Structures are given as structure tokens and as C-alpha cells.
Amino acid sequence: MKVRRLPTDPGPAGWLRILPERAPAPALEGRRAFDILIVGAGFAGLSAARGLHQIDPKTRIALVEARGLAEGPAGRNSGFMIDLPHNLSSSNYAGGLERDQQQTRMNRHAIRFAAEAADDYKLTAEAFDPCGKINAAASEKGDQHNHDYAQHLTSIGEECELLDARDMARICGSDYYRGGLYTKGTAMLQPALYIRGLADGLRRDGVELFENSPVTSLRFAGDAWNAETPNGAISAAKVILANNGHVESFGHFKRRLVHIYLFASMSAPLDSEAERLTGAETRWGFTPSDSFGTTMRKISGTGGTRLVVRNGIKWAPGQRAKEGDVARLIAQHDVALAARYPKLAGLKMDYRWGGQLCLSLNTVPAFGQIDQGMYAACCQNGLGTAQGTLAGMAIADLIHERDTQELRFMQDHDAPRLLPPEPIATIGAKARFWWGERAAGAEL
């Protein structure tokens, strides 16, 4: 089959740009043979490679990445590896009690897997820090969402701590927030640094990585899959598609995946006065109490101390974002920052970007064996750091026919639901996003 499209994301990947340059892995050249080919070197693909290597170190594994490492969505997210229920379609992230308990256990398995990788490969706390996060509320409605969520967490036996406006002001230096909800199980990532560290460790383990090697065709012949790239080809008995929404570009899950872009801005390094204005903590991370609200992070380390702002959502069934839409949505970041820090209005932004997310209408993954010797570990429903890691772990178990909790959980889902026909799907999605952002109010 010919691959219908190649991945694109607008703007530079800021997390990657603040890191020192590295020599990339080579592009694929010539014809090579492996036991397993993994398409996509993000959270799912790298985790699958690590899982496969742990089960059988003799397995010959090839990872192919269409762009440079962490240039795509794996290096464009906000860096929250969340353990607790985080249903983006819910007003307060909560779902059903039993399912949320299961999802929390699985997310924690994924976080432990990532923590062990970080330890094995000597990653710094900047790359992976299990410090927890805060749901920040700027309105009465947002504060109520936090209280409802806290009650839900208590009902499933989870600890949390409600914060008041003074607590929030001490942490972030802004009196914009009415309160917050702290939970301790989230790991905060510098996503590009984590992805780099994981990939470098796997290469030392013997996994071969090929960057800037987009797969342009994939076909089964004889007893192997044959993947072609612009300058080379790989044959492998098994192939794992770990390319999230672009699994549809390979002809699978047609009209069953929701493609969107989210947008972020990263400031220039803060001077001493700006650092003082942004609170006593050197690092903090706020997810919004409303899923359409603004995510904020203060980061420090490589590249200096900076602010990261994320909001804005774009429906993109063609997996492309138009420049006009990007400019309009990114302009919201300056408004959100000025509302929280009036004295920092006009703060220079070094990097602005968009990143593609993949969801399904029924919030389930695109996972499992989808053809002879072909497997999918895709559609993380906007939570790719944890659920992508989990999908990679589980797909390694499936290939080796291991009966694990992670695999049983991933298989215990319906298939992604078929989307409505056009133009109903586009009209419905745009209306939902338009209303969601306006209903978010001060949370945006």
C-alpha cells in the first residue's frame, strides 16, 4: 500500500530547540532485514522497542522515524505523564468509578516503566520528574470542577489536596487563580529530553534507529512486510504501527479517528524580575480545571527558566493546519499570559508550535493485531505520554503472547467508533470546539 500522507506539524518544536544540538541517527539507506519494524519513534514506539528488547534481547528491532527525533508530537506535548483519570470529554476529567480505577492502575504501570527507563539510561530530573501536578481553577465553575473531581478521586481511594488562592499565588506568583487541586502521581517531563534519552539508551542496547526516514509504502510479500523509505527499504516478519493518527494514512481505522491540533508557545528565558513574578517555585505545572482551558508550565534547566502556555484547538480531518488558523489560535496565548501576569504582557515568545493529537469518539485506542504480522499501538486520546507508553508495553506483550494486566486492559475495549458522515462530522466538531472554548471562560 502507498502511504497517503506524511506527518506535518506547524512551527518549531520548542522543547527540542532549547536543547543542545545532537548528531541524528542516520537515515535508512539500502535494503535491510530485521525481526520487527516499528514505525514511529515516539512514546509508543520507543516503549514497544524497550519492551521487546527486555523480553528477548536477541530480537533485531528497527525503529524508523519520519522526521528528526522529537520533531513530531512526542516533542510537542506539554509534558504531563498523568496517572489519574483524565477524560478530556468530561467536565471534570472523571469517568466511571471502576474504569477510572483500572485506568489509574495502568497509567501507573506506564509511569513505573518510564521511571525504570529513566533510571537505567541515567536521565536527569529535568527529563523525568515524578513531582505531581496541579489542576488550576480561575473561576467559580472551575473551582467547582476541582471539588467535584476531588470527591470522585476520594471515592476511588485516591489522595489529593485542595489549594486556595493564597497557595496558588505562592506557587506561581499570580493572583489569577481561585484555587487548585494537587495530585502527587504525575511525572513531569521535558518531553524532547526524555525521548532523546530513551532513544539513545535503546541504541546502546542494540536497537537500530533511523531518523528522517518516512515510510512511503508498506506491503506484505512472501513471509515478510516490506517498507520503503526515500533511500532504503526494510523487510521484517512483524511490523508495529506506532504512529498515532497517521495509522489512518497507512489505510487502517479509516474514518474512525479524530484528528486535531493543539498549540503552544514557549517564552524567551526569564530575567530575574520575571522569575520573581512567576512565584517561589522554580518549576510548576498547571493543567486547567476545564479541558478547554489553558495549560501553564514554568520550567528551568537547559535553556533557562521559561514559561510555556498551551491552549487552542483545531479540527483537522486532513491532518493539516492552515496558517491563518494557527496565527489566530496562537494569539490566544498572549492574551492568556497577560491575564495571569499583567506585568509580563508582551513577554517575548521564542517558539510557537502546533502538535497533532488523535482521539476516538468513544475514547478507546486503536490497538491490536490488524493484519498478518501487523500490529497497531495508536490513538492515545490526547494522553500520549502515559497511554502511548502503555500501548507500547502492551503491544510487546501481544507479540510475545504474554498474558499481562496491561495487555488485558488494552484489549478490553471496543473498536474506535465510526465518525458521522461529512459534512456532519466537521460541523459537529467545529461547533463543539467553539462552544467549549467560550464556555471555558476565565479558564482559557
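Note: the structure precedes this text.
Residues numbered from 1 in each chain as written. Predicted model: local features only at pLDDT ≥ 70, side-chain atom pairs only at ≥ 80, totals over all residues. Heavy atoms only, no water.

### A closer look at the layout of surface pockets
Reported here for the second largest pocket is a volume of approximately 380 Å³. Around the second largest pocket, the lining is made up of 26 residues, and of these Cys131, Gly132, Arg283, Trp284 and Gly285 lie nearest the centre. Contributing elements (two or more residues each) for the lining of the second largest pocket: strand 5 (133-137), helix 5 (165-172), strand 8 (187-189), strand 14 (284-288) and strand 15 (295-299). For the lining of the second largest pocket, a count of residues per class yields 12 nonpolar, seven polar and seven charged. (1 Å grid on protein atoms, 1.4 Å probe; cavity = no way out; pocket = protein on both sides within 12 Å on 5 of 7 lines; lining within 4 Å. Points joined across faces, edges and corners; volume = space filled by probe spheres on them. Helix = DSSP H or I, 4+ residues; strand = E, 2+ residues; numbered from the N terminus. Nonpolar A, V, L, I, M, F, W, Y, C, P; charged D, E, K, R; others polar.)

### Details of helix 2 (residues 43-55)
At 3.6 residues per turn, the α-helix brings residues three or four places apart onto the same side. Taking 1.5 Å per residue, 13 residues should reach 18 Å; helix 2 reaches 18 Å between its end C-alpha atoms and fits that length. Counting buried positions over the 13 residues of helix 2 gives 11, a clear majority of the element. Of all the positions in helix 2, only Phe43, Ala44, Gly45, Leu46, Ser47, Ala48, Ala49, Arg50, Gly51, Leu52 and His53 are classed as buried. (Expected span 1.5 Å × (residues − 1). Buried < 20%, exposed > 50% of the residue type's maximum accessible area, 1.4 Å probe, protein only.)

### Overview of the pattern of salt bridges
Applying the stated criterion to the full structure yields 18 salt bridges. In this structure, the salt-bridge partner of Arg17 is Glu71, at a minimum N-O distance of 3.1 Å. In this pair, Arg17 is assigned in helix 1 (residues 14-17) and Glu71 in the loop between strand 2 (61-64) and strand 3 (80-81), connecting sequence segments 54 residues apart. For Arg17, a relative accessible area of 36% corresponds to the partly exposed category. Within this structure, Asp83, Arg108 and Glu158 form a network of salt bridges that share partners. (Salt bridge = Lys/Arg side-chain N within 4 Å of Asp/Glu carboxyl O.)

### Thoughts on the nonpolar core
Counting residues in each nonpolar core, the largest one holds 63 residues, and the members touching the most others are Ile38, Met81, Phe128 and Ile240. Among the elements that line this core, the one with the most residues is helix 9 (residues 384-399), at nine residues. Not counting residues within four places of it along the chain, the set of residues in contact with Met81 comprises Phe43, Ile111, Ala114, Phe128, Gly185, Thr186, Ala187, Leu189, Thr385, Ala386 and Thr389. Grouped together as the second largest cluster of nonpolar side chains are 26 residues, Ala62, Trp225, Val247 and Leu257 included. (Core = buried A, V, L, I, M, F, W, Y, C linked by side-chain atoms within 4.5 Å. Contact = heavy atoms within 4.5 Å.)

### Observations regarding the state of the cysteines
Per the counting criterion, the structure on display carries zero disulfides. The cysteine Cys378 is free of any disulfide, with Cys358 supplying the nearest cysteine sulfur at 7.4 Å. With no disulfide of its own, Cys379 lies closest to Cys358 among cysteine sulfurs, the gap being 3.7 Å. By relative accessible area, Cys379 is classed as buried at 2%. (Disulfide = S-S within 2.5 Å.)

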